[in-house]
Amino acid sequence: MPASKKPAAVVAREVVSLDALAKQRRDALPDPTTYEMWGVEFTLPPIKALSFELQERVGDLNDSAGVLKEILGDPKIKEMYAAGFQFGDIELIAEEWQRRSGVEPGESPASPAS
């Protein structure tokens, strides 16, 4: 006599929407900040507002220079080259950007300290 098949148990699954929480966090982010250094003015968004896609394009969000190049674009980067920016200046920008973005050292994916 063939064994009868029991109906598969229905597994209830819970889906938790994070949309409202994500919107609250996004709304709480500071506004973009405009900086000036060596006669060059540039605006950076809060670090936590960076797109997820940016990491794929840059390869490593710990690469502050690469992240800045991606965000600011070639014309602004060339302006920085012409103004004589040094790597220490890029580190200073990253540190101040992190501070004004409201992230702790080591917390930011674009942090020079992480």
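Residues numbered from 1 in each chain as written. Predicted model: local features only at pLDDT ≥ 70, side-chain atom pairs only at ≥ 80, totals over all residues. Heavy atoms only, no water.

Student: Please explain the environment of Leu-44 as it appears in this structure.
Tutor: Position of Leu-44 among the secondary structure elements: in strand 2 (residues 40-44). A C-alpha to C-alpha distance of 9.9 Å links Leu-44 and Ile-93, two positions 49 residues apart in sequence. When near neighbours in sequence (up to four residues on either side) are disregarded, Leu-44 contacts Pro-32, Thr-33, Tyr-35, Leu-68, Ile-71, Leu-72, Ile-93 and Trp-97. (Helix = DSSP H or I, 4+ residues; strand = E, 2+ residues; numbered from the N terminus. Contact = heavy atoms within 4.5 Å.)

Student: Any chance you could explain the pairing of strand 1 (residues 33-37) here in plain terms?
Tutor: Consecutive side chains along a regular strand alternate between the two faces of the sheet. Burial along strand 1 is one-sided: Thr-33, Tyr-35 and Met-37 are buried, while Thr-34 and Glu-36, pointing the other way, are not. Following strand 1, the chain reverses through 2 residues before pairing antiparallel with strand 2; Trp-38 in that reversal takes a positive phi of roughly 55°. (Buried < 20%, exposed > 50% of the residue type's maximum accessible area, 1.4 Å probe, protein only. Pairing = 2+ DSSP bridges.)

Student: Got a minute to help me understand the pattern of salt bridges in this structure?
Tutor: All told, the structure shown has 6 salt bridges when counted by the stated rule. With a closest N to O distance of 3.1 Å, Lys-76 and Glu-79 form a salt bridge. Of this pair, Lys-76 and Glu-79 both sit in helix 3 (residues 64-83), 3 residues apart, roughly one helical turn. Several salt bridges converge on common partners, so that one network encompasses Glu-53, Arg-57 and Glu-70. (Salt bridge = Lys/Arg side-chain N within 4 Å of Asp/Glu carboxyl O.)

Taken by themselves, the reported measurements are silent on function.
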